[in-house]
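Residues per chain, in single letters:
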Amino acid sequence: MTDDRQQARDLYAEIRAAKASGVSVHLLREKHWMLAALYEARAMKDLDGDGIGSWPELFAAITEYANAGEIAHAGCLIVIGKRHDPPHAEAMHRELDDLASWIAGLPALATEAP
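This structure is a prediction, so every number in the text was calculated from the model and none was measured. The written sequence of each chain sets the order in which its residues are numbered from 1. With pLDDT at 70 or above as the cut-off, local features in this predicted model cover only qualifying residues; side-chain atom pairs require 80 or more to be listed or tallied, and sums for whole chains, interfaces and linings still use all residues. Water and hydrogen atoms play no part in the side-chain values, which are based on all heavy atoms of the structure.

## Some thoughts on the overall build of the protein
Then, in step 1: Note on conventions: DSSP H or I runs of at least 4 residues are helices, E runs of at least 2 residues are strands, and numbering of each starts at the N terminus. Helices and strands together make up the secondary structure of the protein, namely five helices and zero strands.
Then, in step 2: Partly exposed describes any residue whose relative accessible area lies between the buried limit of under 20% and the exposed limit of over 50%, with all areas from a 1.4 Å probe on protein chains only and scaled to the type maximum. Looking at the 114 residues of the protein, the share that counts as buried comes to 35%.
Then, in step 3: Relative to all contacts within the protein whose residues are 6 or more apart in sequence, the contacts with residues 24 or more apart total 60%. Any two residues whose heavy atoms approach within 4.5 Å are treated as being in contact.

## Concerning the pattern of salt bridges
Then, in step 1: A side-chain nitrogen of Lys or Arg and a carboxyl oxygen of Asp or Glu constitute a salt bridge if their distance falls within 4 Å. In the structure shown here, the tally under the stated rule is six salt bridges.
Then, in step 2: A salt bridge links Glu57 to Arg5, with the nearest nitrogen and oxygen atoms 3.2 Å apart. Taken together, the positions of Glu57 in helix α3 (residues 54-67) and Arg5 in helix α1 (residues 3-20) put the pair 52 residues apart, joining distant regions of the chain.
Then, in step 3: With relative accessibility at 10%, the residue Glu57 sits in the buried group.

## Describing helix α4 (residues 71-82)
Then, in step 1: The span you would expect from a helix comes to 1.5 Å times its residue count less one. Taking 1.5 Å per residue, twelve residues should reach 16 Å; α4 reaches 17 Å between its end C-alpha atoms and fits that length.
Then, in step 2: Residues of α4 that are buried include every one of Ala74, Leu77, Ile78 and Gly81, and no others. Along the axis of α4, the buried residues cluster in a sector spanning 105°; they form a single face.
Then, in step 3: Looking at the buried positions of α4, the neighbouring elements they touch are α2 (25-46), α3 and α5 (89-104). The arc under discussion is defined with respect to the helix axis, by the directions toward the C-beta atoms.

## Topic: the packing of α1 against α2
Then, in step 1: Two numbers describe how α1 lies on α2: the axes approach to 10 Å, and their chain directions differ by 150°. Taken together, the axes of α1 and α2 lie roughly antiparallel to each other. α1 and α2 meet at a crossing whose hand is left-handed. Touching Asp4, Arg5, Gln7, Ala8, Leu11, Tyr12, Glu14, Ile15, Ala18 and Lys19 of α1 are Leu28, Lys31, His32, Met34, Leu35, Leu38, Tyr39, Arg42 and Lys45, all from α2.
Then, in step 2: Here the nonpolar group is Ala, Val, Leu, Ile, Met, Phe, Trp, Tyr, Cys and Pro; Asp, Glu, Lys and Arg are the charged ones; every other residue, Gly included, is treated as polar. Looking at side-chain class alone, the contact of α1 with α2 contains ten nonpolar, two polar and seven charged residues. Here, axes are lines fitted to C-alpha atoms. For helices the fit covers the stretch in contact, and angles between N-to-C directions go from 0 to 180 degrees. With respect to orientation, any angle under 35 degrees is reported as roughly parallel, any angle over 145 as roughly antiparallel, any angle of 65 to 115 as roughly perpendicular, and every other angle as oblique. Handedness of a crossing is defined here by the sense of rotation of the near helix relative to the far one, left-handed for an anticlockwise turn of less than a right angle and right-handed for a clockwise turn.

## Some thoughts on the packing of α2 against α3
To characterise two packed helices, one gives the angle between the axes of the helices and the distance between these axes.
Then, in step 1: The geometry of α2 relative to α3 is characterised by a closest axis approach of 7 Å and an angle of 155° between their N-to-C directions. Classified by the angle between their axes, α2 and α3 sit roughly antiparallel to one another. Note on packing geometry: the crossing formed by α2 with α3 is left-handed. Across the interface between the two elements, His32, Trp33, Leu35, Ala36, Ala37, Tyr39, Glu40, Arg42, Ala43, Met44 and Asp46 from α2 touch Ser54, Glu57, Leu58, Ala60, Ala61, Glu64, Tyr65 and Asn67 from α3.

So, in structure tokens, the structure goes:
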């Protein structure tokens, strides 16, 4: 397993454990952002090729940026994804639309912890 994949797994496990113990969403933002950046880097490596495997990474990056409160960046990734014509484009673009709808329904996160 590559180092970035292990780092992503470790961050994901930390986030799950923190959520289970009741840690504030505000305290998790940095971890969500770090995880999103890892996913984004992996997605962008192969998105221009036939990289069908990069799409789950893109979806994960969008999700994690939204969880971090980085809605604008998540939106930019949706736009980037829609500009690509991957195999099974209709399904991939539908997933991007679903993510956009999910993001639109998220409650706004305050910029500072209460």
